[in-house]
Amino acid sequence: MMLDTAGNGTLIIIAVMAVVTLFTRLGGVLVMSFIPINRRVQNFISAMSGSVLIAILTPQAVNGDGGARAALLATGLVMLVLKKPLPAIAAGVLTAALWRQML
Amino acid sequence: MDTYAAQAQLDRQDTWLGFKQLLPLSFFVAAFGLAFGLAAHQTGLSDTSIVLMSAAVFAGTSQFAALDIWGLQVPLVPLMITTFAINARHLLMGATLYPWLRHLPPAKRYGIMLFASDANWALAMQQFHKGERALGILLGGGMAIWSFWMVGTWLGIRFGSAIEDPVSIGLDMVLGCFLLAMALGARKDLRTLAIWIVAGVTSMAAYWWLPENSHVVVGALAGGALGAIWMEKGE
């Protein structure tokens, strides 16, 4: 089925996207309310919370351009040394910018 | 279980504190919003619908993806599948927050989730694991991000052409660097490392060989599965 972008079509498209996204925001909490939380479930979800981050980042690092990789490397190094997120992020973004301006 | 209940308190002060804690990052979010406002404007969406989309969907990557398939007509099913696949990670975020959210009444529990996005979720989880209260970060931080996303969107519609190429000045890396900083703030032991390796390898495999946008969910579930098999000692 096709939705026209003319007239009210755009509003329907936005509504569809909003509802699907709302479902993802609320669905995880809703599903968990039916699952008894024992130690194993607890371990599963806490392991999953770190894994989400890694699963977002790995393809960025592997398939990204040199600037993206250098940025993540810079962020990692600064974070390990200073243990402060803001300088680490600033270093990363700056590195990406410099890399892409120079090369 | 009592520690979860103690960490699950939320009041006005915590919310305000969370708002302030996410402010620095929110400026970058505004830059993304600007990029979206500009791109949507150039795609030909009306100003009202651009603002409405940012306000109601509040999930940048999927909004950019919608612009990709924009034309005189937009296919309904691909639109739904793409939106779902890109935003499915919210399902996992909600699940990871559940041990704390369950102590709230349902209206608050689901109300807070309206503001869930990558950055405030990641910071909240980091604070929770340090033993702090973090629902304020989730709600207040989410409000900060939402507000600046809106401001950015509006600026993009009006003055977007001022930033010609956000990628060349590294703006596309803000969220990635933020999430990496959050990950590195976590506990470091052999078990965590093993879980991360499994998450990284499986997400990469999914990225290469499975349908587009499935990698986050696949990697996270694989990492979670290892965590359920190799459990933390004690309690």
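From a predicted model like this one, the values you see are computed outputs, not experimental measurements.

### Looking at the overall build of chain B
Turning to step 1, where the next piece is worked out: Scanning chain B from N- to C-terminus turns up 13 helices and one strand.
Turning to step 2, where the next piece is worked out: Going from the N terminus to the C terminus, chain B shows its helices and strands as α-α-α-α-α-β-α-α-α-α-α-α-α-α.
Turning to step 3, where the next piece is worked out: A compact globule built from 235 residues should have a C-alpha radius of gyration of about 18 Å, and chain B, at 19 Å, falls within 12% of that.
Turning to step 4, where the next piece is worked out: Once the C-alpha set of chain B is aligned to its principal axes, its extents read approximately 60 × 45 × 35 Å.

### Regarding the UniProt feature "transmembrane region" (unreviewed entry) in chain B
Residue and element names in this part refer to chain B.
Turning to step 1, where the next piece is worked out: Within this structure's numbering, the places UniProt gives as "transmembrane region" (unreviewed entry) are residues 22-39, 135-157, 169-186, 193-210 and 216-232.
Turning to step 2, where the next piece is worked out: Between the first and last C-alpha atoms of residues 22-39 the distance is 25 Å; the span itself is 94% helix and 0% strand.
Turning to step 3, where the next piece is worked out: Taken as a whole, residues 193-210 contains 94% helix and 0% strand, while its terminal C-alpha atoms sit 24 Å from one another.

### Here's the deal with the domain arrangement of chain B
Residue and element names in this part refer to chain B.
Turning to step 1, where the next piece is worked out: One can read the domain layout of chain B as domain 1 (3-186) and domain 2 (187-235).
Turning to step 2, where the next piece is worked out: Averaged C-alpha coordinates put domain 1 and domain 2 at centres separated by 23 Å.
Turning to step 3, where the next piece is worked out: Across the contact, 10 residues belong to domain 1 and nine residues belong to domain 2.
Turning to step 4, where the next piece is worked out: Where domain 1 meets domain 2, there are zero salt bridges.
Turning to step 5, where the next piece is worked out: Between domain 1 and domain 2 we count two residue pairs in polar contact (both at pLDDT 80 or more) in total.
Turning to step 6, where the next piece is worked out: Counting residues per element, the ones that place at least two in the side of domain 1 that touches domain 2 are α6 (76-87), α7 (89-101) and α11 (174-184).
Turning to step 7, where the next piece is worked out: Sort the elements by how many residues they give to the side of domain 1 that touches domain 2 and α6 lands first, with three residues.
Turning to step 8, where the next piece is worked out: Considering only residue class, the side of domain 1 that touches domain 2 consists of seven nonpolar, two polar and one charged.

### Quick look at the side chain of B:S26
Residue and element names in this part refer to chain B.
Turning to step 1, where the next piece is worked out: With respect to the helices, strands and loops of the structure, S26 is situated in helix α3 (residues 23-43).
Turning to step 2, where the next piece is worked out: S26 gets classed as buried once you look at its relative accessible area, which sits at 0%.
Turning to step 3, where the next piece is worked out: S26 has contacts with A144, I145 and F148, leaving out every residue within four places of it along the chain.

### So, the packing of aromatic side chains
All names here are of chain B.
Turning to step 1, where the next piece is worked out: For the structure on display, the rule yields nine aromatic pairs over all chains.
Turning to step 2, where the next piece is worked out: Ring plane angle 70° and centroid distance 5.1 Å describe the contact between F27 and F148, whose orientation is recorded as edge-to-face. Of this pair, F27 sits in helix α3 while F148 sits in helix α10 (residues 135-159), and the two are 121 residues apart along the sequence.
Turning to step 3, where the next piece is worked out: Among the aromatic residues, those joined into a ring-pair cluster are Y4, W100 and F128.

### A word on the environment of B:L114
Turning to step 1, where the next piece is worked out: Relative to the elements of secondary structure, B:L114 occurs in the loop between α8 (106-113) and α9 (118-129).
Turning to step 2, where the next piece is worked out: Separated by 43 residues in sequence, B:L114 and B:I157 have C-alpha atoms that sit 25 Å apart.
Turning to step 3, where the next piece is worked out: In contact with B:L114, not counting residues within four places along its chain, are A:L22, A:R25, A:L26 and B:F58.

Calculation rules
- Residues numbered from 1 in each chain as written.
- Chains lettered and ligands numbered in written order.
- Predicted model: local features only at pLDDT ≥ 70, side-chain atom pairs only at ≥ 80, totals over all residues.
- Heavy atoms only, no water.
- Helix = DSSP H or I, 4+ residues; strand = E, 2+ residues; numbered from the N terminus.
- Rg over C-alpha atoms; globule rule 2.2 N^0.38 Å.
- UniProt positions renumbered as here; feature names shortened; annotations may be inferred.
- Domains from an automatic or database assignment.
- Contact = heavy atoms within 4.5 Å.
- Salt bridge = Lys/Arg side-chain N within 4 Å of Asp/Glu carboxyl O.
- Polar contact = N/O pair within 3.5 Å; in protein donor to acceptor, adjacent residues only side chain to side chain.
- Nonpolar A, V, L, I, M, F, W, Y, C, P; charged D, E, K, R; others polar.
- Buried < 20%, exposed > 50% of the residue type's maximum accessible area, 1.4 Å probe, protein only.
- Phe/Tyr/Trp six-rings, centres within 6.5 Å; stacked < 30°, edge-to-face > 60°.

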